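Examination of the molecular architecture
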Amino acid sequence: MFGRIAPSYDALNHILSFGMDIVWRSRMAKAVRRLPHAPRILDLCTGTGDQAYAVLRRSPGVRITGIDAARPMLTIGRQKDREGRVVFLQASALRLPFRGGAFDACFCAFGLRNLPNLSTALKEARRVLKPGGLLIVLEFFKPTGWFERLFYEFIAPSYVPRLGSWLAGDAAAYRYLIGSVGSFLTISQFHEALENAGFVLVARKRFFFGIAHGLTARCQ
Ligand SMILES: C[S@@+](CC[C@H](N)C(=O)[O-])C[C@H]1O[C@@H](n2cnc3c(N)ncnc32)[C@H](O)[C@@H]1O
């Protein structure tokens, strides 16, 4: 599905979020300040690399690798930078092709809720992080507050698939993307999943009244 929507994926992200995704990614990229000099960073489910490039814009000295299962997303990611500053690899987040302790931080923007096994993905992220390494997640969680519920249950389903159909020719993909928010964990369930995988939450941000959340967790 992600391969199908790859050509219009970035444009639709910006349109559907009214440009807020750019601000959210940049705010999450600030977590790099907590890392040692020239850190090695993994961007899980990197897609077209927007989170990886947001990190590079803020900290040009990082060494960053993006992995994703969908080759067409990676192709678009590579085309964004002739200098090849992001290393893009096709791989599964459930079975990472890296040795243990290879990275100082691992980003994942809007990727975790699309994975078939969250706990395996979190354990893999922990395995490839150094002790004390950071996991930085930007995600849409199952709504709990009234505004989030109004947005995800009524507002978003009324315009997201329609725009997905007009601009990407794929209403079903965008219906899935909105539906997957309701089927994912709530923020407190996710916090518990992080702890079960061996992480401690160190920072949490709430974006646009809880429409999206950013979490930074440290490996124990
Ligand atoms: C909603 S997109 C997010 C892309 C990007 N991180 C962003 O911020 O725009 C989810 C991505 O997860 C990828 N994905 C889904 N299952 C995966 C898996 N098992 N391993 C790696 N990537 C996966 C998809 O190909 C897709 O690019």
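Everything numeric in this text was worked out from a predicted model, so none of it was measured.

Right, let's get into the pattern of salt bridges. A complete count under the given rule lists 10 salt bridges for this structure. Between glutamate 124 and arginine 127 there is a salt bridge, with its nearest N and O atoms 2.8 Å apart. With a gap of 3 residues between them, glutamate 124 and arginine 127 both fall in helix α5 (residues 118-128), about one helical turn apart. Across the pair glutamate 148 and arginine 206 runs a salt bridge whose closest N-O atoms are separated by 4.0 Å. Here the residue glutamate 148 occupies a position in helix α6 (residues 146-168), and arginine 206 occupies one in strand β6 (residues 199-207), the gap between them amounting to 58 residues. For glutamate 148, a relative accessible area of 7% translates into the label buried. By sharing partners, the salt bridges in this structure join Asp10, Asp50 and Lys80 into a single network.

For strand β7 (residues 212-219), the tally of buried residues reaches 7 of 8 residues, placing the bulk of the element in the interior. Note that β6 and β7 share 8 bridges and pair antiparallel. For phenylalanine 207, the partnering residue across the bridge sits in β7 and is alanine 212. Hairpin connection of β6 to β7: 4 residues between the antiparallel strands, including phenylalanine 208 at a positive phi of 45 degrees.

Let us look at the site of the ligand. Taken together, 18 residues lie near the ligand, and Tyr9, Arg25, Cys45, Asp68 and Ala109 sit nearest. Aspartate 68 places a polar side-chain atom, nitrogen or oxygen, 2.6 Å from an oxygen atom of the ligand. Measuring from a nitrogen atom of the ligand, one finds a backbone N or O atom of alanine 109 at 2.8 Å. Protein contacts shield 94% of the accessible area of the ligand, which totals 600 Å² for the unbound molecule.

Within the fold, aspartate 21 resides in helix α2 (residues 20-29). Looking at aspartate 21, its side chain comes within polar contact range of the side chain of histidine 14, at 3.0 Å. Within the local environment of aspartate 21, its side chain forms a polar contact with the side chain of serine 17, the two groups lying 3.0 Å apart. Those residues in contact with aspartate 21 that lie beyond four places of it in its chain are Asn13 and His14.

The phi torsion at phenylalanine 18 lies on the positive side, around 55 degrees, for a residue other than glycine. Among the secondary structure elements, phenylalanine 18 is positioned in the loop between α1 (2-16) and α2. Relative accessible area serves as the criterion here: at 67%, phenylalanine 18 is assigned to the exposed category. Residue phenylalanine 208 is not a glycine yet carries a positive backbone phi of 45 degrees. Note that phenylalanine 208 resides in the loop between β6 and β7. A residue is classified by how much of its surface remains accessible, and phenylalanine 208, at 39% relative accessible area, is partly exposed.

About the thresholds
- Residues numbered from 1 in each chain as written.
- Predicted model: local features only at pLDDT ≥ 70, side-chain atom pairs only at ≥ 80, totals over all residues.
- Heavy atoms only, no water.
- Salt bridge = Lys/Arg side-chain N within 4 Å of Asp/Glu carboxyl O.
- Helix = DSSP H or I, 4+ residues; strand = E, 2+ residues; numbered from the N terminus.
- Buried < 20%, exposed > 50% of the residue type's maximum accessible area, 1.4 Å probe, protein only.
- Pairing = 2+ DSSP bridges.
- Near = heavy atom within 4 Å.
- Polar contact = N/O pair within 3.5 Å; in protein donor to acceptor, adjacent residues only side chain to side chain.
- Areas by Shrake-Rupley, 256 points an atom, 1.4 Å probe, with all protein chains shown as cover.
- Contact = heavy atoms within 4.5 Å.

Treat this as a map of the structure, not an account of what it does.
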